Amino acid sequence: MKLEVKNITKSFGDKEVLKGVSFHVESGAALGLLGRNGAGKTTTIRIIMGLFEPNSGEVLLDGKPLDIREANVGYMPEERGLYPKKTVIEQLAYFGELRGMTRQDAIKSADALLERLDMTEYRGAKLSTLSKGNQQKIQLVVTLINDPDIVILDEPFSGLDPVNAMLLKDIVKEQIEKGKIVIFSSHQMNYIEEFCNEIVILNSGVIAVSGAIKDIKKSMSQSKVLLSLSDKGNLSEKLNESTVISSLEDDEEGLVVTLKPESSVDDLIKVVTNSTAKVNEIKALEPSLAEIFVDYTEVDS
């Protein structure tokens, strides 16, 4: 399967929230949908879910307009949409029936997922008596109860302790390995890097950058360089006097320099050569996903 979002625009009154957003994700892969609060992530997800109509553009599944009434989609929203005074199994059965399952099949699926998430003991408990983390796990059961082909997860690790986060990580990996389409939105970059090969970063309703994480990192890796030193000599002074770098930081191994956009590693080598430093290695540093996120979102478009 292939899910495509093609040139989506969306406005609320005079405010243009999405300005021509396009991306795609295929079976057996997870796409990280990132952006600061208000960037347009939730609006994009709600358009995919059919909750909002775009002003223009379309959402396609295998080349045809996505009909949410026919597609098998599981959506885990950031804000919980459960009933605090109802028992866990009662509402799981209800949500399963809303997805077109028989009550018997819904209960069978719910019980299997509760066991998988170590939640069987809470089967007959009212949701309001559960911790925030356990309520999050029940929300995941609702998302997966009908074994959806498309899984959309919005901040799924919110409120989870490390043990439950590890359990949820295993569940998400299983969905990807089963060949599901997974769209994953989170501000926790370590999870994005763990699950997703590709990302889309939204900034003020437009795509600031998209593609494979490794390719994005590679394209940015020439700006920050580690100079591994056995003797610093007068290198710091030479670098600060030069027009090559924009910043300089001490590191356990030596110095980390950030090159100016118009500078190259060759320019840096010339400065190093003219210093009294003893350099063991010059190595381009790959930026973290968090650094990439900040770089593409710190200034509004």
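The structure we're discussing is the one just above.
A quick note: this is a predicted structure, and the numbers were derived from the prediction, not measured.

### A few points about the environment of Ser242
Link 1 in the chain: Mapped onto the fold, Ser242 is located in the loop between helix 8 (235–241) and strand 12 (245–250).
Link 2 in the chain: For Ser242, the side chain forms a polar contact with the main-chain nitrogen of Val244, separated by 3.3 Å.

### A look at the side chain of Asn164
Link 1 in the chain: Note on placement: Asn164 falls in helix 5 (residues 162–177).
Link 2 in the chain: Contacts of Asn164, omitting those with residues within four sequence positions, involve Asn134 and Lys137.

### Some remarks on the pattern of salt bridges
Link 1 in the chain: Overall, the coordinates contain 12 salt bridges when judged by the stated rule.
Link 2 in the chain: One salt bridge in this structure joins Lys86 and Glu90, with 3.9 Å as the shortest N-O distance.
Link 3 in the chain: Note on Glu90: relative accessible area 35%, which makes it partly exposed.
Link 4 in the chain: We note a salt bridge from Lys214 to Asp215, for which the minimum N-O separation is 3.4 Å.
Link 5 in the chain: A relative accessible area of 43% places Asp215 in the partly exposed class.
Link 6 in the chain: Here the salt bridges do not stand alone but share partners, grouping Lys169, Lys173 and Glu194 into one network.

### Side note on the packing of helix 3 (residues 103–116) against helix 4 (residues 132–144)
Link 1 in the chain: Packing of helix 3 against helix 4 leaves a shortest axis separation of 10 Å and a crossing angle of 140°. Here helix 3 lies oblique to helix 4, going by the angle between them. In this structure, the crossing between helix 3 and helix 4 has a hand that is right-handed. Residue-level inspection shows Ala110, Leu113 and Leu114 of helix 3 in contact with helix 4, the latter providing Ile138, Val141 and Leu144.
Link 2 in the chain: Here the contact of helix 3 with helix 4 is built from residues that sort into six nonpolar, no polar and no charged.

### Some remarks on the sheet that holds strand 13 (residues 254–259)
Link 1 in the chain: Read from one edge of the open sheet, four strands run 12-13-11-14, paired in antiparallel fashion. This sheet does not close on itself; its edge strands, each paired only once, are strand 12 and strand 14 (278–284). Averaged over neighbouring strand pairs, the angle between their axes works out to 20° when direction is ignored.
Link 2 in the chain: Note that strand 11 (residues 224–231) and strand 13 share five bridges and pair antiparallel. Along strand 13, the bridge assignment pairs Ser228 with Gly254.
Link 3 in the chain: Most of the contacts of helix 9 (residues 265–273) go to strand 11, to which it runs at about 20°, and overall it touches strand 11, strand 12, strand 13 and strand 14.

### Some details on the packing of aromatic side chains
The way to describe two aromatic rings as a pair is by their centre distance and the angle between their planes.
Link 1 in the chain: Across all of its chains, the model carries eight aromatic pairs by this definition.
Link 2 in the chain: Plain terms: the ring middles of Tyr83 and Tyr94 are 6.3 Å apart, the flat faces sit at 70° to each other, and that makes the pair edge-to-face. One end of the pair, Tyr83, is in the loop between strand 6 (73–76) and helix 2 (88–98); the other, Tyr94, is in helix 2, with 11 residues separating them in the sequence.
Link 3 in the chain: Accessibility expressed as a relative area gives 40% for Tyr83, which makes it partly exposed.
Link 4 in the chain: Residue Tyr94 is classed as partly exposed on the basis of its relative accessible area of 36%.
Link 5 in the chain: With a centroid separation of 6.0 Å and an interplanar angle of 20°, the aromatic rings of Tyr83 and Phe95 are classed as stacked. With Tyr83 in the loop between strand 6 and helix 2 and Phe95 in helix 2, this residue pair connects regions lying 12 residues apart in the sequence.
Link 6 in the chain: Through a chain of ring-to-ring contacts, the aromatic side chains of Phe157, Phe184, Tyr191 and Phe195 assemble into a single cluster.

### Description of the pairing of strand 11
Link 1 in the chain: Pairing between strand 11 and strand 14: six bridges, direction antiparallel. Residue Leu226 lies in a different strand from strand 14, and its bridge partner there is Lys283.

Conventions we followed
Residues numbered from 1 in each chain as written. Predicted model: local features only at pLDDT ≥ 70, side-chain atom pairs only at ≥ 80, totals over all residues. Heavy atoms only, no water. Helix = DSSP H or I, 4+ residues; strand = E, 2+ residues; numbered from the N terminus. Polar contact = N/O pair within 3.5 Å; in protein donor to acceptor, adjacent residues only side chain to side chain. Contact = heavy atoms within 4.5 Å. Salt bridge = Lys/Arg side-chain N within 4 Å of Asp/Glu carboxyl O. Buried < 20%, exposed > 50% of the residue type's maximum accessible area, 1.4 Å probe, protein only. Axes fitted to C-alpha atoms, helices over the stretch in contact; angles between N-to-C directions. Parallel < 35°, antiparallel > 145°, perpendicular 65-115°, else oblique. Left-handed = near helix turned anticlockwise from the far one by under 90°. Nonpolar A, V, L, I, M, F, W, Y, C, P; charged D, E, K, R; others polar. Pairing = 2+ DSSP bridges. Phe/Tyr/Trp six-rings, centres within 6.5 Å; stacked < 30°, edge-to-face > 60°.

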